[in-house]
Amino acid sequence: RPSAFRTGSDTPRDLLERCLDTIAGRDDVVRAWVILNEQGARAAADASTARWRSDSPLSPIDGMPIGIKDLLETVDMPTEQGCAALAGNYPKRDNAAVWALRRAGAIIVGKTVTAELGGSEPGPTTNPFDSGRTPGGSSSGSAAAVGARMIPAAIGSQVGGSIIRPAGYCGNVALKPSQGGINRGERQATSMSTHGVHAGCVEDTWRVAIEIVNRVGGDRGQPGIIGPVEPPTPTKPRRLVVLETQGWPDLDNTTRRAFDQMLDGAADAGIELITRRDDPLVESLEHSVRDARSFCGAITVFENRLAQRALIDEHPGKVSRRLIAGVEYAERLTVDDYRRALERRSVAQACHRAVAGIADATVTLSCPGPAHLWSPDDDQSPRPTGDFLFNAPASLMFAPAVSVPMLAVDNLPVGVQVVGQREEDYRTLGIARWLHEELTPVALTS
């Protein structure tokens, strides 16, 4: 895209208009957007077009249309966080990542749908491959907008699995960076939340992430992700740990066979695969995350409980029953419960560091099979946007995770997740790019 802008064969304004046309044609069904700022986006695209014509772009992503998850504040649009209690909330300031994107010349198209407060209560977004299925959550709108080819990139966020799982369901590439890797601005209330990028390719994923960090850094006290402006080249790994996680026993047979076939392709390409049966360090890692969903969830709800209780009390009747149930569960936890969960997290992190000596990265699934059927009227399922069984380990380990679309099960995407060591985001993306570009995708039907 930058080369097309430079030669004049394409312009930021023309690209934006194509994106807006796709949004107009698909969003009645996909429902990825809370609000669009078409006037502001067109003005920004015209300014970007002028910069490219004068050979003075602000960055390689100057002119790239981008969506912003509606948890992040934006100076020119409301930030309602998918919650009726925050209807009309208009802080009129930019989140650090949004501020950086504007200064890199990116075109902020609008706000994408999030699950309520980034939790489990879904918004209206549907899966771009099947409108009867979930797009995942909580970054549902960001993943679906990229998956529907409405925009080339979008910002999401993750505490347990909210970037990687929806990317897996919607056929995107996505980066959940090392903890603290991208400055969260005002979004630093919980110890595992991260900002990340959904995009159509590894190159755009990296470009967006690094242009943010080069302007605002990482979280306070953190170095932020490190690497050159140019995207990583495909990097063939010598060895990969295959991480089953606690999700493996419940995985459907077709997805398991598809993943195994992909692994067979990796082995045929000369990559050594190491499982829990091959090395005690891997067995220790698997053991440390054997109930990762539980203690990942306990940490998060305990850290959120005070702010969410205040919101519930201030706005009765304007938060979901799921949110109230989560807060009530958190209020039953003790400080000692929280400390024990933190200790479990520390053990998982130590076990993950230990496998650095035996493998280049870890590979697992991005989601527990294809997106499941979903209805906005479903108020019974505890996790209507999908389970984060395969995502909790990377979140707990503070590790970079990259989802790439490698599998199709019953004509629906299923992502494969590459997890690297902390602060090895660039290297992890390079390994994921190699797998994505060099291995043959697997498509199976039940």
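So, here is what we can say about the structure in this document. Small disclaimer: the values here were computed from a predicted structure and weren't measured.

It is worth spelling out empty space enclosed by the protein at this point. By the definition in use, this model includes three cavities of 30 Å³ or more. The volume enclosed by the largest cavity comes to roughly 50 Å³. Looking at the largest cavity, the residues that line it are Ser 178, Gln 179, Gly 180, Gly 181, Gln 222, Pro 223, Gly 224, Ile 225, Glu 423 and Asp 425. Class assignment for the residues of the lining of the largest cavity results in two nonpolar, six polar and two charged.

Inspection of the entire model under this criterion finds four aromatic pairs. Residues Trp 248 and Phe 259 carry aromatic rings whose centres are separated by 6.1 Å and whose planes lie at 65 degrees to one another, so their mutual orientation is edge-to-face. With Trp 248 in the loop between strand E7 (239–242) and helix H8 (253–268) and Phe 259 in helix H8, this pair connects stretches of sequence that are 11 residues apart. For the pair shown, Trp 248 and Phe 259 are each scored as buried.

Formed by 62 residues in total, the largest nonpolar core has its most connected members in Ile 66, Leu 101, Ile 155, Val 208, Phe 259, Met 262 and Leu 407. If you tally residues by element for this core, the top one is helix H7 (residues 202–216), at seven residues. Leave out the neighbours within four places in its chain, and Ile 66 touches Leu 101, Ala 106, Ile 107, Ile 108, Val 109, Gly 110, Ile 151, Ala 153, Ala 154, Ile 155 and Val 208. Formed by 35 residues, the second largest nonpolar core is a distinct cluster that contains Ala 167, Ile 274, Ala 292 and Ile 299.

A complete count under the given rule lists 31 salt bridges for this structure. Between Asp 55 and Arg 6 there is a salt bridge whose closest N-O contact spans 3.9 Å. Highlighted residues: Asp 55 in the loop between helix H3 (38–53) and strand E2 (65–69) and Arg 6 in helix H1 (residues 2–7), separated in sequence by 49 residues. For Asp 55, a relative accessible area of 55% gives the class exposed. By relative accessible area, Arg 6 is classed as partly exposed at 49%.

Thresholds, definitions, all that
The written sequence of each chain sets the order in which its residues are numbered from 1. Given that the model is predicted, a residue must reach a pLDDT of at least 70 before its local features are reported, and side-chain atom pairs must reach 80 or more before they are shown or counted; all residues, however, enter totals for whole chains, interfaces and linings. With hydrogens and water stripped out, all remaining heavy atoms of the structure feed into the side-chain values. For cavity detection a 1 Å grid was placed over the protein atoms alone, and a set of points counts as a cavity when a 1.4 Å probe fits there but cannot get out; an open set counts as a pocket when protein lies on both sides within 12 Å along at least five of seven lines, with lining residues being those that have an atom within 4 Å of a point. Grid points are joined across faces, edges and corners, and a volume is the space filled by probe spheres set on the points. Ten residues, namely Ala, Val, Leu, Ile, Met, Phe, Trp, Tyr, Cys and Pro, are considered nonpolar, four, namely Asp, Glu, Lys and Arg, are considered charged, and the remaining ones, Gly among them, are considered polar. Stacked, edge-to-face and tilted are the three classes for Phe, Tyr and Trp ring pairs, Trp counted by its six-membered ring, which pair at centre distances within 6.5 Å; planes under 30 degrees apart are stacked, over 60 edge-to-face, the rest tilted. Runs of E in the DSSP output that reach at least two residues are strands. Runs of H or I that reach at least four are helices, and both are numbered from the N terminus. The buried label applies to any residue whose accessible area, calculated with a 1.4 Å probe on protein chains only, is under 20% of its type's maximum; exposed applies above 50%, and partly exposed to all values in between. Definition of nonpolar core: a set of buried residues of the types Ala, Val, Leu, Ile, Met, Phe, Trp, Tyr and Cys, connected through side-chain atoms within 4.5 Å. Residues are treated as being in contact if the distance between any of their heavy atoms lies within 4.5 Å. The working definition used for a salt bridge is a side-chain nitrogen of Lys or Arg within 4 Å of a carboxyl oxygen of Asp or Glu.

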